[in-house]
Amino acid sequence: MTDLQKRIVSYYDNTWLDYRVLWINKKDRALHFGYYDTFKESHSEALEKMNQVMAGEVDIKPSDMLLDAGCGQGGSALWLAKHIGCTVKGVTLVPHQAAVANREANERGLNDKAQFSVQDYANTNFEDESFSVIWACESLCHAPSKKSFYDEAFRLLKPGGRLIVAEYIRYRRDYPTKDEAILQDWCSGWSMPDLDTWSEHQRHLIESGFTSINEKDITKHVTPSLHRLFRMSKTLLKMGKFLNFTKIRNDIKHHNQLASMSQYEALTKNLWYYCIYSAAKPIVPS
């Protein structure tokens, strides 16, 4: 395991309680942001709506075999297995997340449809062309090389298979020093090595062999969720500083809280946007 992977595991091991108290509920287990369509949705409804929107983008069907690349505690995978009926394999670097996801699958009677394992989504042990859909919801941000993920996704997809991704995208590379520092405060606090621009993602997708690339900026639909995290983190900041000063909360937890504010500051400065994009593995003519 690389140093970055160890940091990612440590990050999720240390912050699981914060996620559990402030974000996750027993029903959805979602670590991702929510999608607001009418802007009257509850937090839980918005989290579920994100799954619906992503699934609709690539028309996921009961017959699909899907890989959830960076599955967290299995929230999206379990939703897909229950509401669509497809078969899902989830992978995560974090052992406790895989354990929670497998337990939830068993308790919900979905263990025949959803199984989870500890693996690197850029280097899995699955056979070539094992999946018809690869799903990555706010997980590609942790990859040091986005190209490596796309190469593995292309290998794992059947011809005609679809890739669906929800991700944070930086607008450009040449930010002033102060703006770049804000973006990197967010990235480091969440154990993300960096964000790519859309042109970088698109180039890597094409180099890996993908076609039919479609991108949608859905920032306006996710902003209420981003602001919710910012508001909660800012409200609890004084308490967080005190707990960190007294060593009750360690630096990883404290920096996670600070990064949860930096993400929104970076958003208001137009340093990044939230994107859903899809691509396909072409069918080779016989």
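None of the values given here were measured: they were computed from a predicted structure.

(A) Focus on the overall build of the chain. Check the secondary structure of the chain and you find 10 helices and seven strands. Computed over C-alpha atoms, the radius of gyration of the chain comes to 18 Å, within 12% of the 19 Å expected from 2.2 N^0.38 for 286 residues, which places it in the range of a compact globule. Dimensions along the principal axes, computed over C-alpha positions, put the chain at roughly 65 × 45 × 45 Å. Taking all 286 residues of the chain together, the buried fraction comes to 56%. Long-range contacts, defined here as pairs at least 24 residues apart, represent 76% of the contacts in the chain between residues at least 6 apart. Carbon and sulfur atoms make up 54% of the accessible area of the chain, which amounts to about 12900 Å² in all. Here the chain holds 36 positive side-chain charges and 35 negative ones, and the gap between their average locations is 5 Å.

(B) Here's a closer look at the environment of Asp59. Turning to its location among the elements, Asp59 is positioned in the loop between helix H2 (43–57) and strand E1 (65–69). Given a relative accessible area of 44%, Asp59 falls into the partly exposed group. Note: C-alpha distance between Asp59 and Val133 (74 residues apart in sequence) is 9.7 Å. Asp59 has contacts with Asp64 and Arg162, leaving out every residue within four places of it along the chain.

(C) The pairing of E1, seen in detail. Along E1, four of the five residues are buried, which leaves the element largely enclosed by surrounding structure. Sheet topology note: the E1/strand E2 (residues 87–92) ladder contains five bridges and is parallel. Among the inter-strand pairings, Leu67 is bridged to a residue of E2, identified as Lys89. In this region the chain leaves E1, passes through helix H3 (residues 75–83) and returns to the parallel neighbour E2; the handedness of that crossover is right-handed. Here E1 pairs with strand E4 (residues 131–137) via three bridges, running parallel. When the bridges of E4 are listed, Leu66 appears paired with Val133.

(D) Structural view of a nonpolar patch on the surface. Taken together, the side chains of Trp16, Leu17, Val21, Leu22, Leu236 and Met239 define a hydrophobic patch exposed on the protein surface, amounting to about 560 Å² of accessible area. In terms of residues, the nonpolar patch owes the most to one element, helix H1 (residues 3–22), which gives four residues. Within the secondary structure, Leu17 sits in helix H1. The exposure class assigned to Leu17 is partly exposed, which follows from its relative accessible area of 44%.

(E) Structural view of the packing of helix H8 (residues 219–235) against helix H10 (residues 251–268). The interhelical angle for the contact between H8 and H10, taken along N-to-C directions, is 140°, at an axis separation of 8 Å. Classified by the angle between their axes, H8 and H10 sit oblique to one another. As for how H8 packs across H10, the hand of that crossing is left-handed. When H8 is examined against H10, the residues Thr219, Thr223, Leu226, His227, Leu229, Phe230, Ser233 and Lys234 are found in contact with a partner set consisting of Gln257, Ser260, Met261, Gln263, Tyr264 and Leu267. Residues of the contact of H8 with H10, tallied by class, amount to six nonpolar, seven polar and one charged.

(F) Structural view of the packing of aromatic side chains. Tallied over the entire structure, the rule returns 18 aromatic pairs. Aromatic side chains Tyr11 and Tyr19 sit 6.5 Å apart centroid to centroid with 85° between the ring planes, which places their arrangement in the edge-to-face category. With 6.3 Å between their ring centres and 70° between their planes, Phe33 and Tyr168 make a pair best called edge-to-face. Taken together, the positions of Phe33 in the loop between H1 and H2 and Tyr168 in strand E5 (residues 157–170) put the pair 135 residues apart, joining distant regions of the chain. Taken individually, Phe33 and Tyr168 each receive the classification buried, so the pair is uniform in this respect. In textbook terms, an aromatic cluster arises when at least three aromatic residues are bridged by ring pairs, as seen for Phe33, Tyr168, Trp186, Trp190, Trp272 and Tyr274.

Thresholds applied
Residues numbered from 1 in each chain as written. Predicted model: local features only at pLDDT ≥ 70, side-chain atom pairs only at ≥ 80, totals over all residues. Heavy atoms only, no water. Helix = DSSP H or I, 4+ residues; strand = E, 2+ residues; numbered from the N terminus. Rg over C-alpha atoms; globule rule 2.2 N^0.38 Å. Buried < 20%, exposed > 50% of the residue type's maximum accessible area, 1.4 Å probe, protein only. Contact = heavy atoms within 4.5 Å. Areas by Shrake-Rupley, 256 points an atom, 1.4 Å probe, with all protein chains shown as cover. Lys, Arg positive; Asp, Glu negative; His and termini not counted. Charge placed at Lys NZ, Arg CZ, Asp CG, Glu CD. Pairing = 2+ DSSP bridges. Right-handed = clockwise from strand over helix to strand, strands pointing away. Patch = residues over 30% accessible without salt bridge, like charges linked within 9 Å, V, L, I, M, F, W, Y side chains within 5 Å. Salt bridge = Lys/Arg side-chain N within 4 Å of Asp/Glu carboxyl O. Axes fitted to C-alpha atoms, helices over the stretch in contact; angles between N-to-C directions. Parallel < 35°, antiparallel > 145°, perpendicular 65-115°, else oblique. Left-handed = near helix turned anticlockwise from the far one by under 90°. Nonpolar A, V, L, I, M, F, W, Y, C, P; charged D, E, K, R; others polar. Phe/Tyr/Trp six-rings, centres within 6.5 Å; stacked < 30°, edge-to-face > 60°.

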